[in-house]
Amino acid sequence: QVQLVESGGGLVQAGGSLRLSCEASGRTFSSYAMGWFRQAPGKEREFVAAINWSGGSTYYADSVKGRFTISRDNAKNTVYLQMNSLKPEDTAVYYCAANLRYYSTSYHRNEYDYWGQGTQVTVSS
């Protein structure tokens, strides 16, 4: 079992930055990959970024490439999403998720086994 708790969401102006954190507990953190997804009102949950077990491999959605950075600290059981140059269209609930395929940087939502409760990010114009 893996429990995930996100934090760091909030209200920010366009062009600003936020850093999301997701702390994991339960299964050994370095034994699984992690991803971030987001869901805007009335839309499906979409992939944002993923990182493998070691942090050595990452993958991003085209919409955030160059603006967002995913990273992890296995000593702190935490994955981060640094979000820069935020746009109003980044407004959504952001979820972290654990993928037991430790090597993976998949963008497929159904390949993730555990999910956090989400944290709201609102970007004002």
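Since we're looking at a predicted model, the values are computed, not measured.

What counts and what doesn't
Residues numbered from 1 in each chain as written. Predicted model: local features only at pLDDT ≥ 70, side-chain atom pairs only at ≥ 80, totals over all residues. Heavy atoms only, no water. Disulfide = S-S within 2.5 Å. Helix = DSSP H or I, 4+ residues; strand = E, 2+ residues; numbered from the N terminus. Core = buried A, V, L, I, M, F, W, Y, C linked by side-chain atoms within 4.5 Å. Buried < 20%, exposed > 50% of the residue type's maximum accessible area, 1.4 Å probe, protein only. Contact = heavy atoms within 4.5 Å. Pairing = 2+ DSSP bridges. Axes fitted to C-alpha atoms, helices over the stretch in contact; angles between N-to-C directions. Polar contact = N/O pair within 3.5 Å; in protein donor to acceptor, adjacent residues only side chain to side chain. Salt bridge = Lys/Arg side-chain N within 4 Å of Asp/Glu carboxyl O.

Draft legend 1. Up close: the state of the cysteines. Under the criterion given, the structure shown has one disulfide. Disulfide pairing is shown between Cys22 and Cys96; the S-S distance is 2.0 Å. Looking along the S-S bond of the Cys22-Cys96 disulfide, the torsion reads about 55°, which is the right-handed sense. Here Cys22 is found in strand S3 (residues 18–26), whereas its partner Cys96 is found in strand S9 (residues 92–99), with 74 residues between them in sequence.

Draft legend 2. Fine view of the nonpolar core. Within the largest apolar cluster, 35 residues are counted, with the highest numbers of intra-cluster contacts made by Leu4, Met34, Trp36, Leu81, Met83 and Tyr94. Taken together, the elements giving at least two residues each to this core come down to strand S1 (2–7), S3, strand S4 (33–39), strand S5 (46–51), strand S7 (68–73), strand S8 (78–83), S9 and strand S11 (119–124). Sequence-distant contacts of Leu4, defined by excluding residues within four places in its chain, comprise Cys22, Glu23, Ala24, Met34, Cys96, Ala97, Ala98, Tyr114, Trp115, Gly116 and Gln117.

Draft legend 3. Fine view of unusual backbone geometry. The phi dihedral of Asn77 is positive, around 55°, even though this residue is not glycine. Looking at the secondary structure, you find Asn77 in the loop between S7 and S8. According to the relative accessible area criterion, Asn77 is partly exposed, its value standing at 29%.

Draft legend 4. Structural view of the sheet that holds S8. Read from one edge to the other, the open sheet built from four strands follows the order S1-S3-S8-S7, with strand pairing classed as antiparallel. Edge positions in the sheet fall to S1 and S7, since each has one partner strand and no second. Going from strand to strand, the sheet's axes swing by 15° on average, the running direction of each strand aside. In this sheet, S8 lies alongside S7 in antiparallel orientation, the contact comprising six bridges. What sits directly across from Ser71, in S8, is Tyr80.

Draft legend 5. Local environment of the side chain of Arg38. Looking at the element boundaries, Arg38 is found in strand S4. Of note is the side chain of Arg38, whose polar atom sits 2.6 Å from the side chain of Glu46. Only 2.9 Å separates the side chain of Arg38 from the side chain of Asp90, close enough to count as a polar contact. Filtering out sequence-adjacent residues up to four positions away, Arg38 remains in contact with Glu44, Arg45, Glu46, Val48, Ser63, Val64, Phe68, Glu89, Asp90, Ala92, Val93 and Tyr94.

Draft legend 6. Highlighting the pattern of salt bridges. Evaluated as defined, the whole model comprises four salt bridges. Notably, a salt bridge pairs Glu46 with Arg38, separated by 2.6 Å at the nearest N-O pair. The closest approach of N and O atoms between Lys65 and Asp62, which form a salt bridge, is 3.1 Å. Asp62 gets classed as exposed once you look at its relative accessible area, which sits at 66%. The network of salt bridges with shared partners includes Arg38, Glu46, Arg67 and Asp90.

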